[in-house]
Amino acid sequence: MRIAFFSEHAFQTPFLIEANQEYGHELVFFKEQLSRRTAQLAAGFPAVCPFVTDRLDAETLQILADGGTRLIALRSAGFNNVDLEAVERLGLCVMRVPAYAPTAIAEHAVALMLALNRRINHAYNRVREGNFSLDHLVGFNMEGRTVGIVGTGKIGESLARIMHGFGCKILGYDIYQNPACIALGMKYVDLPTLLSESDIVSLHCPLTPETKHLINEETLKLMKPGSMLINTARGGLVNAEAVIEALKRKDGLAYVGMDVYEREEGLFFSDHSGSIIQDDVFERLTTFRNVIVTGHQAFLTREALSEIAHTTLGNVADYERGTPNPKNVLSAGTKGPGGPLHQSPRE
């Protein structure tokens, strides 16, 4: 099948090309982000593969449909950048990569925890400058600390396994209780209890209308003195302005590790080193010595990239054969081979 890939990135393309040796699709890569201004580039392509930063609003989707596109093959788990109502109306099929290498994201969350705790970034810079003083580098033992995990799906479960290995007490908050997490000794509690009892809070839940700004001015006041907040899930879970105010108060939240940011679109995945970043909130966050921000790279392991590539191209092959995996289908569409499918849960 002929596939138009938008927002090509050098870190991902080799894995797609290698995986395609198994599928034999025709891959065409565009550096441009997919939007209403660039959607015409996909004219004549039955399948389009957008990146998580591309915007598939109603107008963009209409242009794609008019140009002959029948399948939107997301190379991501998230789909909040897709107007699913417009997709249904246009009869397009949308497939995604619902889960990939959850350990990669859990391990990145732990990397942020350890870097913040042991001041690794400051120690690294000091040694490079010939400063071997240990002042202001004191951390704490992870063993015996309480870690609260918000969202205990596959990624939350992976983190629970790692924290169990560290000898931590584990609390969980989720609509559904994961038996594997309970077997590790996790105690499920309500969100206020988790926030007030945890030394470290790590977010691993999806972004929905109910979870938007889950961490806000009021919930931040519940966090215990000296606590740490880690977000490797979705930027919109956290009100960044409220985090800044909480850090300034110095009476609760003491460390923040972020791999995602609510207004990261147009900022992350690009080089802005030669320009002035216009987001004052983001710039203020990066001035805190007890904040570490990474640019949405928690998924960035060879294993995860290979899995994403194989699942994405496999989704296209399954669609072409008329046998899409229902677990990967967000919208079955009415234009593709095999006709409509039952829609999978929107996790």
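Our subject in this report is the structure included herewith. Just so it is clear, the model here is predicted, and its values are computed rather than measured.

Observations regarding the overall build of the protein chain
Next, step 1: For the protein chain, the helix and strand inventory stands at 12 helices and 13 strands.
Next, step 2: A compact globule built from 347 residues should have a C-alpha radius of gyration of about 20 Å, and the protein chain, at 21 Å, falls within 12% of that.
Next, step 3: The principal-axis extent of the C-alpha atoms belonging to the protein chain is close to 60 × 50 × 35 Å.
Next, step 4: Counting the 347 residues in the protein chain, one finds 52% classified as buried.
Next, step 5: Averaging the positions of the 33 positive and the 40 negative side-chain charges in the protein chain gives two centres separated by 3 Å.

Some remarks on the packing of aromatic side chains
Next, step 1: Within the structure shown, the criterion is met by 9 aromatic pairs.
Next, step 2: An aromatic cluster is built from Phe-11, Phe-51, Phe-269 and Phe-299, whose rings are joined through pairwise contacts.
Next, step 3: Taking NZ or CZ as reference, Arg-2 lies 4.0 Å from the ring centre of Phe-45, over its face.

A short note on the environment of Arg-128
Next, step 1: With respect to the helices and strands, Arg-128 occurs in helix α5 (residues 120-128).
Next, step 2: With a relative accessible area of 63%, Arg-128 lands in the exposed category.
Next, step 3: It is 53 Å that separates the C-alpha atoms of Arg-128 and Glu-85, two residues lying 43 residues apart in sequence.

As for the nonpolar core
Next, step 1: Among the nonpolar cores identified, the biggest contains 64 residues, and Leu-229, Val-243, Leu-253 and Tyr-261 are the most heavily contacted of them.
Next, step 2: For this core, the leading source of residues is helix α12 (residues 302-321), giving 7 residues.
Next, step 3: In this structure, Leu-112, Ala-115, Ala-160 and Met-163 belong to the second largest nonpolar core, which totals 25 residues.

Section: helix α4 (residues 102-117)
Next, step 1: Relative to the 22 Å expected for 16 residues at 1.5 Å per residue, α4 spans 23 Å between its end C-alpha atoms, a close match to the ideal helical length.
Next, step 2: Of all the residues in α4, the buried ones are Ala-104, Ile-105, Ala-106, His-108, Ala-109, Val-110, Leu-112, Met-113, Ala-115, Leu-116 and Asn-117.
Next, step 3: Just past α4, the residue Arg-119 takes up positive phi, approximately 50 degrees.

Reading the values: rules and limits
- Residues numbered from 1 in each chain as written.
- Predicted model: local features only at pLDDT ≥ 70, side-chain atom pairs only at ≥ 80, totals over all residues.
- Heavy atoms only, no water.
- Helix = DSSP H or I, 4+ residues; strand = E, 2+ residues; numbered from the N terminus.
- Rg over C-alpha atoms; globule rule 2.2 N^0.38 Å.
- Buried < 20%, exposed > 50% of the residue type's maximum accessible area, 1.4 Å probe, protein only.
- Lys, Arg positive; Asp, Glu negative; His and termini not counted.
- Charge placed at Lys NZ, Arg CZ, Asp CG, Glu CD.
- Phe/Tyr/Trp six-rings, centres within 6.5 Å; stacked < 30°, edge-to-face > 60°.
- Lys NZ or Arg CZ within 6 Å of the ring centre and 35° of its normal.
- Core = buried A, V, L, I, M, F, W, Y, C linked by side-chain atoms within 4.5 Å.
- Expected span 1.5 Å × (residues − 1).

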